[in-house]
Amino acid sequence: MANKKKKTKNRTRDSTSSVAFVHDWEPLLVSGYTPLSKNPQIIAAVKKIANLIGLCSIHLMENTDQGDMRLINGLSRLIDIDINDYQTRFSFMSSVVRTLLLEGEGNAVILPKFSMDGDRGFIDSLHLVPASQISFLPKSDDYFDYSILVDGREMDKDNLIHVVINPDPEHPWRGTGYKAELKAVAKSLEKSRKTKDAFMESKWKPSVIVKVDAIDESFTTKEGRQRILDNYLETQQEGQPWILPADGFDVKTVAPLSLNDLALKDGIELDAKTIASILDVPSFFVGVGAFDKDEWNNFIQNRLPQITTPIEQTLTKRLLLNPSWYFRFNARSLMSWDIQTLAAVGRDLRQIGVMDGNEVRDMIGLSPREGLDDIVILENYLPSDRLGDQKKLKGGKEDGKEDPDGSGTA
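Parameters and conventions
Residues numbered from 1 in each chain as written. Predicted model: local features only at pLDDT ≥ 70, side-chain atom pairs only at ≥ 80, totals over all residues. Heavy atoms only, no water. Helix = DSSP H or I, 4+ residues; strand = E, 2+ residues; numbered from the N terminus. Buried < 20%, exposed > 50% of the residue type's maximum accessible area, 1.4 Å probe, protein only. Contact = heavy atoms within 4.5 Å. Areas by Shrake-Rupley, 256 points an atom, 1.4 Å probe, with all protein chains shown as cover. Pairing = 2+ DSSP bridges. Axes fitted to C-alpha atoms, helices over the stretch in contact; angles between N-to-C directions. Parallel < 35°, antiparallel > 145°, perpendicular 65-115°, else oblique. Left-handed = near helix turned anticlockwise from the far one by under 90°. 1 Å grid on protein atoms, 1.4 Å probe; cavity = no way out; pocket = protein on both sides within 12 Å on 5 of 7 lines; lining within 4 Å. Points joined across faces, edges and corners; volume = space filled by probe spheres on them. Patch = residues over 30% accessible without salt bridge, like charges linked within 9 Å, V, L, I, M, F, W, Y side chains within 5 Å. Salt bridge = Lys/Arg side-chain N within 4 Å of Asp/Glu carboxyl O. Lys, Arg positive; Asp, Glu negative; His and termini not counted. Charge placed at Lys NZ, Arg CZ, Asp CG, Glu CD. Polar contact = N/O pair within 3.5 Å; in protein donor to acceptor, adjacent residues only side chain to side chain. Expected span 1.5 Å × (residues − 1). Arc of directions from axis to C-beta. Phe/Tyr/Trp six-rings, centres within 6.5 Å; stacked < 30°, edge-to-face > 60°. Lys NZ or Arg CZ within 6 Å of the ring centre and 35° of its normal. Nonpolar A, V, L, I, M, F, W, Y, C, P; charged D, E, K, R; others polar.

1. Considering the overall build of the protein
Helix and strand content of the protein: 10 helices and 15 strands. Looking at the 410 residues of the protein, the share that counts as buried comes to 31%. Relative to all contacts within the protein whose residues are 6 or more apart in sequence, the contacts with residues 24 or more apart total 55%. Working note: accessible area of the protein is about 27200 Å², and carbon and sulfur atoms make up 51% of it.

Structural data, given as structure tokens:
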């Protein structure tokens, strides 16, 4: 019969030494698939993007000869406020963006519910279909067409709103998301977390090692070693000195490894910056670095439109019949502006006749006041329809002074 080797827990012992080495790597192993939605850094960045877009109001706009004007009607209220009976616009849009970035892998499917009033149809509400219930099936007879299946049942695409980001090169009608790019980074971060947890929970971090010259049978048992501790090292009071035989013991202090020694911090920061780069967000979104105003404003102006524009265009294409109407997110309120900057901009725009006084008050968060609705211009703050009445422009008197040469100056 073959000899059976006794299983050990990765433990080796030198026959000439009383020191045992333990290598327990099991807590550091990362087994199975960890969803991206379980990674703290990834979910922090995605939630920030989703919540910011959820904060943006959605305006129904009309293109006119005088420029784009905002419309206020039942449809604009539905999209911006009464999205459905169970959610606000904030929670609905946050869910749509999170689905696009994580679970939906670049796809979000919205189901409108309609009601009929005679021959006229009305949109009652919009509902986000969970990504786990959605699948896409290319059609064999048409390379550019596809089917949307909800719970395995094919749905009419004309009755659904399919939002796409990062189109697939092979099937442009389907999004790809960021799963492939983020998967390796998420695995690395999970290993770092496991390493840190295992290190903090490890019991193999002694601060004092006592070397004993005489080795006898008492060291082979736990009780024997405890007896040595009780006889020579145990004290009754904190700080009381040990009384040891002169040649029998050698006491050394040991500084255990720290997390800095393991270089975990640098690795985690590098992975976090990689996540920020993939999702195109500032590094402080994932806990690296400090807040930067210019970086924030650049993110609002250039990154958010990459997600809001597909949503705007898809809602416009699927919900609006009037070719002059369209939906637009209002992200201006998300910019990092202090009150002094807003006041200075409002003052300058009012002086050149671009804004009236109440528009300036609205910009800085104040309610309108009577008498500030007129457009004024120049240093006299005259209404724009009376600019030609200034006497200095006609060569006359102003403030009791003559204008002899008609130049407008007394």
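2. Brief notes about the sheet that holds strand β3 (residues 57-64)
Pairing in this open sheet of three strands is antiparallel, and the strands run β4-β3-β13 from one edge to the other. Of all the strands in the sheet, just β4 (67-71) and β13 (325-330) have a single pairing partner and so form its edges. Averaged over all pairs of adjacent strands, the angle between strand axes in this sheet comes to 45 degrees, irrespective of strand direction.

3. Some words on the packing of helix α1 (residues 40-55) against helix α3 (residues 89-101)
Each pair of packed helices can be summarised by the angle the axes make with each other and by the distance between the axes. Packing of α1 against α3 brings their axes to within 8 Å, and their N-to-C directions diverge by 140 degrees. One finds that α1 runs oblique with respect to α3. Considering only the axes of α1 and α3, their crossing is right-handed. Contact residues: Ile43, Val46, Ile49, Ala50, Asn51, Ile53, Gly54 and Leu55 in α1; Arg89, Phe90, Met93, Ser94, Val97, Arg98 and Leu101 in α3.

4. Quick word on the layout of surface pockets
Taken as a whole, the second largest pocket encloses approximately 530 Å³ of empty space. Forming the walls of the second largest pocket are 20 residues, and the residues nearest its centre are Gly121, Phe122, Ile123, Leu319 and Leu321. Taken together, the elements giving at least two residues each to the lining of the second largest pocket come down to α2 (74-80), β5 (107-117), β6 (120-129) and α8 (305-319). Counting residues per element, the lining of the second largest pocket draws most heavily on β6, at four residues.

5. Considerations on a negative patch on the surface
The grouping of Glu359, Asp362, Glu370, Asp373 and Asp374 at the surface amounts to a negative patch. Mapped onto the elements of the fold, Glu370 is located in the loop between α10 (357-363) and β14 (376-377). Of the residues examined, Glu370 reaches a relative accessible area of 83% and is grouped as exposed.

6. Observations concerning the side chain of Arg303
Within the secondary structure, Arg303 sits in helix α7 (residues 293-303). One buried charge, Arg303, has no salt-bridge partner; the nearest side chain with opposite charge is Asp280, at 4.4 Å. A polar atom in the side chain of Arg303 sits 3.0 Å from the side chain of Tyr178. Once residues lying within four places of it in the same chain are set aside, the contact partners of Arg303 are Leu101, Tyr178, Leu279, Asp280 and Asn298.

7. Examining helix α5 (residues 222-233)
Between its terminal C-alpha atoms α5 stretches 16 Å, which fits the 16 Å expected from 12 residues at 1.5 Å a residue. Residues of α5 that are buried: Gly224, Ile228 and Leu233. Around the axis of α5, the buried residues are gathered within 120 degrees of arc, so they sit on the same side. Looking at α5, the residues exposed on the side facing more than 90 degrees away from the buried face are Lys222 and Glu223. For α5, the secondary structure elements touched by its buried residues are β11 (208-212) and β12 (249-253).

8. Here we look at the packing of aromatic side chains
Two numbers describe a pair of aromatic rings. These are the distance of the centres and the angle of the planes. The full count for this structure, using the stated rule, is nine aromatic pairs. Each ring, one from Tyr146 and one from Trp173, has its centre 4.2 Å from the other, and the planes form 10 degrees; the classification is stacked. Taken as a pair, Tyr146 in strand β8 (residues 142-150) and Trp173 in the loop between β10 (161-164) and α4 (179-201) lie far apart in primary sequence, 27 residues in all. There is no split in this pair, since Tyr146 and Trp173 are both buried. Members of the aromatic cluster, joined through ring pairs, are Phe284, Phe285, Phe291, Trp296 and Phe299. The ring of Phe285 has Lys48 lying over it, and the distance from NZ or CZ to the ring centre is 5.8 Å.

9. Looking at empty space enclosed by the protein
Scanning the entire structure with this criterion turns up one cavity of 30 Å³ or more. For the largest cavity, the calculated volume is near 30 Å³. Forming the boundary of the largest cavity are Tyr146, Ile148, Lys157, Leu160, His162 and Arg318. Of the residues that constitute the lining of the largest cavity, the class distribution is three nonpolar, one polar and two charged.

10. Let's talk about unusual backbone geometry
We note that Glu105 has phi near 50 degrees; this positive angle belongs to a residue other than glycine. Position of Glu105 among the secondary structure elements: in the loop between α3 and β5. For Glu105, a relative accessible area of 33% translates into the label partly exposed.

11. Topic: the environment of Arg350
Topologically, Arg350 is positioned in helix α9 (residues 339-351). Under the relative-accessibility criterion, Arg350 is labelled partly exposed at 23%.

12. Quick look at the side chain of His127
Mapping His127 onto the fold places it in strand β6. A polar contact is formed between the side chain of His127 and the side chain of Ser125, at a distance of 2.8 Å. Apart from the residues lying within four places of it in its own chain, the contact partners of His127 are Asn84, Tyr86, Phe92, Val109, Ile110, Leu111 and Lys113.

13. Here we look at the environment of Gly74
Positionally, Gly74 belongs in helix α2. For Gly74, a relative accessible area of 57% translates into the label exposed. The sequence separation of Gly74 and Ile123 amounts to 49 residues, and the corresponding C-alpha distance is 9.8 Å.

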